[in-house]
Amino acid sequence: MRGVVFQGPERVEVAEVPDPRVVEPTDAVIAVTRAGLCGSDLHPWTGTEPAAAGVVCGHEAVGRVVAVGADVRTVTPGDDVIACFTTSCGRCGPCREGLTARCVHGQLLGWAPPGRPAEGLHGAQAQLLRVPLADGTLVHRPGDISDDAAVLLADNAPTAWYAARRAEVADGARVGVIGLGAVGLCAVASCLALGASAVVAVDPVPSRRAAADRLGASTSAPDDEGLVAAGLDAVIDAAGPPSAQRLAAAMVRPGGIVSIIAVQTAEAFGISPVTAYDRNLTIRAGRAPVRAMLEEVLPAITAGSLRLPVEEVVTHPGLPLADAPEAYARFAAREDRMVKVTFAP
Ligand SMILES: [Zn+2]
Ligand SMILES: [Zn+2]
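Predicted model only: the values in this text are computed from it and were never measured. (Residues numbered from 1 in each chain as written. Chains lettered and ligands numbered in written order. Predicted model: local features only at pLDDT ≥ 70, side-chain atom pairs only at ≥ 80, totals over all residues. Heavy atoms only, no water.)

Novice: With reference to specific residues and values, describe the coordination of the zinc ion (ligand 1).
Specialist: Reference values for angles at a metal are 109.5 degrees in the four-donor tetrahedral case and 90 or 180 degrees in the six-donor octahedral case. Here the zinc ion (ligand 1) is held by the protein donor atoms Cys38 (SG), His59 (NE2), Glu60 (OE) and Asp155 (OD), which lie 1.8 to 2.2 Å from it. Every donor counted, the four donor atoms about the zinc ion (ligand 1) form angles of 96 to 123 degrees at the centre, which fits tetrahedral coordination. In the primary structure, the donors to the zinc ion (ligand 1) are separated according to the pattern C-x20-H-E-x94-D. Of this pair, Cys38 sits in the loop between β3 (28-37) and α1 (42-46) while His59 sits in the loop between β4 (55-56) and β5 (61-68), placing them 21 residues apart in sequence. (Donors = N, O, S within 2.8 Å, 3.2 Å for Na, K, Ca; no water. Tetrahedral: all angles 85-135°; square planar, octahedral: opposite > 155°, others 65-115°. Helix = DSSP H or I, 4+ residues; strand = E, 2+ residues; numbered from the N terminus.)

Novice: Go over the UniProt feature "domain: Alcohol dehydrogenase-like N-terminal" (unreviewed entry) in the protein chain with me, naming the residues and quoting the values.
Specialist: The residues that UniProt annotates with the feature "domain: Alcohol dehydrogenase-like N-terminal" (unreviewed entry) are residues 25-132. Strand forms 26% of residues 25-132 and helix 8%; the C-alpha atoms that close the span are 9 Å apart. (UniProt positions renumbered as here; feature names shortened; annotations may be inferred.)

Novice: So what's going on with the domain arrangement of the protein chain? Which residues, and what values?
Specialist: For the protein chain, the assigned domains read domain 1 (2-155 + 310-343) and domain 2 (158-285). The distance between the C-alpha centroids of domain 1 and domain 2 comes to 27 Å. Contacts between the two partners involve 15 residues from domain 1 and, on the opposite side, 15 residues from domain 2. Taken together, both faces of the contact between domain 1 and domain 2 bury some 1,200 Å²; the carbon and sulfur share is 61%. Three residues, Asp155, Glu312 and Val339, lead the burial of domain 1 against domain 2; their summed loss comes to 41% of the area buried on that side. Residues Glu312 and Arg214 are paired through a salt bridge, measuring 2.7 Å at the closest nitrogen-oxygen approach. The interface formed by domain 1 and domain 2 holds four residue pairs in polar contact (both at pLDDT 80 or more) in total. Those elements that provide at least two residues to the side of domain 1 that touches domain 2 are α4 (147-154) and α11 (310-313). (Domains from an automatic or database assignment. Contact = heavy atoms within 4.5 Å. Buried area = accessible area lost by both parts, 1.4 Å probe. Salt bridge = Lys/Arg side-chain N within 4 Å of Asp/Glu carboxyl O. Polar contact = N/O pair within 3.5 Å; in protein donor to acceptor, adjacent residues only side chain to side chain.)

Novice: Could you give an account of the environment of Ala300, naming the residues involved and the relevant values?
Specialist: Relative to the assigned elements, Ala300 resides in helix α10 (residues 290-303). For Ala300, a relative accessible area of 9% translates into the label buried. Expressed as a C-alpha distance, the spacing of Ala300 and Ala266, which sit 34 residues apart in the sequence, is 34 Å. (Buried < 20%, exposed > 50% of the residue type's maximum accessible area, 1.4 Å probe, protein only.)

Below, the structure is given as C-alpha cells:
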C-alpha cells in the first residue's frame, strides 16, 4: 500500500510500504477513506517532538473495516468507523474513569519513540491502518455526516469539546479561545453548544478570525489591549506557546480557569506561580480522551446542539497522498486560509 512516511524533520515521503494485517486477536484493519493532517503532526515534522523515522504519519482516520481479529466483538468487516487517535482498552482504571487517552495499554497512532519504530504504531495517512484494541478504539460512524466531518470526530472536535468541558463552560459563561486552528474553531462551536453567552476568539490571522466570527464569536488580535482584564470565566488555549498561556491568564477573572488543550513541548508554563496564586487561577492541561468524549459529542450532534464547523475548518479536503510533502510544508508555513488538510488515500 501507499503511505506518508516520516523520514526526519521537514521530511515526509510517499512510499510503498507493507500492508498492515491483524497481529493481535483484538486488532482490526481498516481501509482509510479520509485521514487528517493535524497541528500535532507538525511537532515531529519541525523537530520539536522527536519521533522514529520509517513510521507512517497521521493519527486521524475514518474508514471501512476490512479485517478483524478473533476477539473483536463490536465491529465487523464492512462497518464504517472512526478511529480515535489513541487506542484504548475500555477496561483499565483510566479508561473506566473516562481518561481513555491515558489507557494503560494505549498507544498514539502514527508515532514511535526515536530510533525504535517497532515500539509504536503506523499511522492514518495511508491506504490501510492497523487499529489495536479495536473494540475500545473504533466507533461506528454516524451515517449522515461527510467524510471530512467524520475526520474531525477522530480528534479535533472531541478534543475541543474536552477543552470546553475542562473550562467548565455552562449556560451564560463568558469564554475566550486563543488559537483559531482546527481545534480552536471547534472549541468556539463547542462553547456555544454548551451555552456560553459570549466567546472571545483570538488569533493573529485575519482569515481565521473571520471564520470564528461566522461561527458566532467576537474576535480580537492577540495584541488587542482590550483583552487584558477582559474578566472572562475561562479561556481555552488552543495555541500552545507560553505567550498564549500568559495572555489566557490575563483574560480571565480572578478565580477563572485556563484550559490548555494544545500539545505542550515547553518545560515550564507561561503562567507564573505568583500569577496563579494572586489570581486564584485553575490551570488544566492534557491530551483529550476522544473515545470518552464521543459519548457526549455524538449525541450533541444528533440532537442538533453541536454543529461541526466543517466548512470553516477543512479548507483543503481530500488531497491525494502524493500531495502530502507539499501539504506539510505549506501547513507548517502557516499559509493563509489553510486551516486543515485532509487526505483521500
Ligand atoms: Zn490530530
Ligand atoms: Zn484502558
